[in-house]
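Coordinate inspection notes
If you want the building blocks of each chain, they are given just below.
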Amino acid sequence: MVASLDVVSLAPEMMTPPMGITSERLQARPDGSLLWTSASRPSVLVVEDEADIRELITYNLLKEGCQAVGMASGEEALEAIRRQVPALVVLDLMLPGIDGLSVCRLVRSNAKTQAVPILVVSAKGEEADVVAGLNLGADDYLTKPFSPKVLIARVRAVLRRYSEAKTMREEDAGSEPSFQVNDLVIHPGRHQVVRGAQTIDFTVTEFRVLAFLAEKPGRVFTRQQILDGVHGDNYAITDRAIDVQIVGIRKKLGDAGGYIETVRGVGYRFREIYAEDPNL
Ligand code: CA
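Below: a short report on this structure. In this text the structure is predicted, and so the values were computed from the model without any measurement.

Reading the values: the criteria
Residues numbered from 1 in each chain as written. Predicted model: local features only at pLDDT ≥ 70, side-chain atom pairs only at ≥ 80, totals over all residues. Helix = DSSP H or I, 4+ residues; strand = E, 2+ residues; numbered from the N terminus. Contact = placed C-beta atoms within 7 Å. Pairing = 2+ DSSP bridges. Axes fitted to C-alpha atoms, helices over the stretch in contact; angles between N-to-C directions. Expected span 1.5 Å × (residues − 1). Buried ≥ 20, exposed ≤ 12 C-beta atoms within 10 Å, placed from the backbone. Core = buried A, V, L, I, M, F, W, Y, C linked by C-beta atoms within 7 Å. Domains from an automatic or database assignment. Parallel < 35°, antiparallel > 145°, perpendicular 65-115°, else oblique. Nonpolar A, V, L, I, M, F, W, Y, C, P; charged D, E, K, R; others polar. Right-handed = clockwise from strand over helix to strand, strands pointing away. Left-handed = near helix turned anticlockwise from the far one by under 90°.

**As for the environment of Pro 217**
One can find Pro 217 in the loop between α8 (204-214) and β10 (220-222). Contacts of Pro 217, omitting those with residues within four sequence positions, involve Val 181, Phe 270 and Glu 272.

Quick look at the structure:
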């Protein structure tokens, strides 16, 4: 693919095999990263049929201190994920055989593998597929051609969100930091929302968007503010990702989906309903 090869030719040093990189050197990187300076190296599975791109991605992940394993097909990847669930899956959408969207769906529908974070990689012009991937529970996406810097930033953001969520769940054991808005009881530690007798499960990203809005009911947030609040740092991503998350949240909330209001030309707001509200 011409567009992808452009990236490779812009960064020829990235194609050098990762020889001589020691774990000491990796852990000494003074970049302030939460994950990359830790002794545990997150395992990342890279699913990409184009060898050049697969090597580019795995090489950069290795350089950042991940354990990266490349797979050329969806079939191989599914087998590997079921055998041992990695910390993250970087998943190309256009694959021969089982395509990326099907891999995403199968991973999400299996109890053992459903929680693994997925970063979707797509070629330009596959926007509909990206939206489908996000709807199937992918956490984020990257469009080819991409720079190694952007790749690493996305990988870090997704891993950090999951590691924070895990810490929150662990810290929640015994404590009750939940809060209530309207008829929703929001449990940040458990990543769950309870509404009456119903317990609603969200993906990590959906939950963070919902909790972010619900913590300040009535206040309008721009998409950028929501992105910053959810990701904890700035990086380039389109507003569409937030819109897709909102669609998913509303769907899961059912007839409470209207609590999240679209504020035209601005963004979104969580609507607090008072007893005197005629809509109640
Ligand atoms: Ca491909």
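Text resumes after the structure shown.
**Some details on the sheet that holds strand β3 (residues 88-92)**
Strand order in this open sheet of 5 strands is β2-β1-β3-β4-β5, and the pairing throughout is parallel. Strands at the two margins of the open sheet, each flanked by one partner only, are β2 (67-71) and β5 (140-144). Neighbouring strand axes in the sheet, compared pairwise and without regard to direction, differ in orientation by 20° on average. Alignment of strand β1 (residues 43-47) against β3, held across 4 bridges, turns out to be parallel. When the sheet's bridge partners are listed, Val 46 is paired in β3 with Val 90. Running over the sheet, helix α5 (residues 100-108) touches β1, β3 and β4 (118-123) and is turned about 150° from β3.

**Quick look at helix α3 (residues 51-63)**
Its 13 residues give α3 an end-to-end C-alpha distance of 18 Å, which sits within 8% of 18 Å, the value for a rise of 1.5 Å per residue. Buried within α3 we find Ile 53, Leu 56, Ile 57, Thr 58, Tyr 59, Asn 60 and Leu 61. Immediately beyond the C-terminal end of α3, within one or two residues, lies Gly 65, with a positive phi of roughly 95°.

**Description of the nonpolar core**
Formed by 61 residues in total, the largest nonpolar core has its most connected members in Val 44, Val 47, Leu 88, Val 90, Leu 91, Leu 119 and Val 120. Among the domains, domain 1 (3-167) and domain 2 (172-270) are the pair contributing at least three residues each to this core. Contact partners of Leu 88, with chain neighbours within four places excluded, come to Pro 42, Val 44, Pro 117, Leu 119, Val 155, Val 158 and Leu 159.

**Thoughts on the packing of α8 against helix α10 (residues 240-253)**
In contact at an axis separation of 9 Å, α8 and α10 are set at 90° when each is read in the N-to-C sense. By the angle class used here, α8 and α10 are roughly perpendicular. Packed against α8, whose contacting residues are Thr 205, Glu 206, Val 209 and Leu 210, the element α10 presents Ile 242, Gln 245, Ile 246, Gly 248 and Ile 249 at the interface. Split into classes, the residues belonging to the contact of α8 with α10 amount to 5 nonpolar, 3 polar and 1 charged.

**As for the pairing of β5**
Taken together, the 5 bridges between β4 and β5 define a ladder with parallel strand orientation. Its bridge partner lying in β5, Ala 123 is registered against Lys 144. Following the backbone out of β4, through helix α6 (residues 127-135) and into the adjacent parallel β5, one traces a crossover that is right-handed.

**Overview of the packing of α6 against α10**
Between α6 and α10, the shortest axis-to-axis distance is 10 Å and the interhelical angle comes to 40°. On the basis of the axis angle, α6 is oblique to α10. The hand of the α6/α10 crossing is right-handed. Contacts between α6 and α10 pair Val 131, Leu 134 and Asn 135 from the former with Ala 241, Val 244 and Gly 248 from the latter.

On their own, these measurements won't tell you what the molecule is for.
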